[in-house]
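# Structural overview
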Amino acid sequence: MSQPEGYLTTHILDTANGCPAKNVRIDLYRLEGNDRLHLCTAVTNSDGRTDAPLLGKGEMTAGQYELIFAMGDYFRTQKRATEIAFLDEIPIRFGIADQDDHYHVPLLASPYSFSTYRGS
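Just so you know, these numbers come straight off a predicted model, no measurement behind them.

Cut-offs used in this document
- Residues numbered from 1 in each chain as written.
- Predicted model: local features only at pLDDT ≥ 70, side-chain atom pairs only at ≥ 80, totals over all residues.
- Heavy atoms only, no water.
- Helix = DSSP H or I, 4+ residues; strand = E, 2+ residues; numbered from the N terminus.
- Buried < 20%, exposed > 50% of the residue type's maximum accessible area, 1.4 Å probe, protein only.
- Polar contact = N/O pair within 3.5 Å; in protein donor to acceptor, adjacent residues only side chain to side chain.
- Contact = heavy atoms within 4.5 Å.
- Pairing = 2+ DSSP bridges.

### Regarding the side chain of aspartate 14
Checked against the element boundaries, aspartate 14 lands in strand β2 (residues 12–14). On the basis of relative accessible area, aspartate 14 is assigned to the buried category, the value being 1%. Here the side chain of aspartate 14 touches alanine 16 through a polar contact of 3.0 Å, landing on its backbone nitrogen. If near-sequence neighbours (up to four positions away) are discounted, aspartate 14 is found in contact with Cys19, Pro20, Ala21, Tyr74, Phe75 and Ala109.

Dropping the structure here:
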C-alpha cells in the first residue's frame, strides 16, 4: 500500500495592515476524542506562510485537527493589541477526509476579527 499523497499548508494575512503576517507561531494538533496530540510548531515567513507543509506527503491521515495561531503576540509586536488582546490565540478546528488531497487552511486576521476557508 502506498503512502498518502496529501499535505497540509496554511498562510496568514494581516487584514489590518494589508500584508502577510510574518513571525507568527502556529501549533498543529490532531484531535482524538478528548485528547490533543501536538504534531508540530511552525513560524510564518515574510510571505505569511510556513517554509514547509505542516503535514507533508506521507504524514497526513483522515481525522480531526486543530491549528492554533498566536495572533495576540503578533499584533502586540505591531502595536495593535494591548497586553490583554481581544483575539489572542485563534483556534481553527477542521476535518481531513481525504489523506491524498491538499488541504490549505488560510487565516485572515485583524486584532478584532478573523475568518478562514478551505483554500487551494
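After that view of the structure, there is still more to cover.
### Quick word on the sheet that holds strand β9 (residues 107–110)
Strand order in the open sheet formed by four strands is β3-β2-β9-β10, with mixed pairing between adjacent strands. Only two strands of the sheet have a single neighbouring strand rather than two, namely β3 (19–20) and β10 (113–116). Bridge count for β2 against β9 is three bridges, and the pairing is parallel. Across the sheet, the residue bridging to isoleucine 12 is leucine 107, located in β9.

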